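Chain and residue survey
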Amino acid sequence: MRPADALRLLALAIIWSASFVFIRVLAPVLGPVWVATARLLLGGAVLVAGFVVFRRYLDVARHWRSTCSSGC
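Before going into details, it helps to say that this report is about the structure given with it.

This part covers the packing of aromatic side chains. Evaluated as defined, the whole model comprises one aromatic pair. With 6.0 Å between their ring centres and 65° between their planes, Trp16 and Phe20 make a pair best called edge-to-face. With Trp16 and Phe20 both in helix α1 (residues 3-30) and four residues apart, this pair spans about one turn of that helix. By relative accessible area, which is 57% here, Trp16 ends up exposed.

Below, the discussion takes up the packing of α1 against helix α2 (residues 32-53). One can describe the packing of α1 onto α2 by two numbers: an axis separation of 8 Å at closest approach and a directional angle of 140°. Relative to α2, the element α1 is oriented oblique. Between α1 and α2 lies a crossing of right-handed hand. Residues Ser19, Ile23, Leu26, Ala27 and Leu30 of α1 lie in contact with α2, whose contacting residues are Pro32, Trp34, Val35 and Arg39. Looking at side-chain class alone, the contact of α1 with α2 contains seven nonpolar, one polar and one charged residues.

Criteria and cut-off values
- Residues numbered from 1 in each chain as written.
- Predicted model: local features only at pLDDT ≥ 70, side-chain atom pairs only at ≥ 80, totals over all residues.
- Heavy atoms only, no water.
- Phe/Tyr/Trp six-rings, centres within 6.5 Å; stacked < 30°, edge-to-face > 60°.
- Helix = DSSP H or I, 4+ residues; strand = E, 2+ residues; numbered from the N terminus.
- Buried < 20%, exposed > 50% of the residue type's maximum accessible area, 1.4 Å probe, protein only.
- Axes fitted to C-alpha atoms, helices over the stretch in contact; angles between N-to-C directions.
- Parallel < 35°, antiparallel > 145°, perpendicular 65-115°, else oblique.
- Left-handed = near helix turned anticlockwise from the far one by under 90°.
- Contact = heavy atoms within 4.5 Å.
- Nonpolar A, V, L, I, M, F, W, Y, C, P; charged D, E, K, R; others polar.

The values are spatial; any link to function lies outside them.
Structure representation (structure tokens):
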């Protein structure tokens, strides 16, 4: 394993474990629905920002049938 891979794995472990701490702290204050909604929105925003930073283009219009599992 390269050092860069080990750092990525460590960063993922830190992010994953921090999410449980935030859930434990925020759920009693905001409620589970708002915490789940906030996590989804934050995760989506981070993914979109990552695509922009790394200049990835997802051609969703071209591949929408393969992403829709319920026969959209």
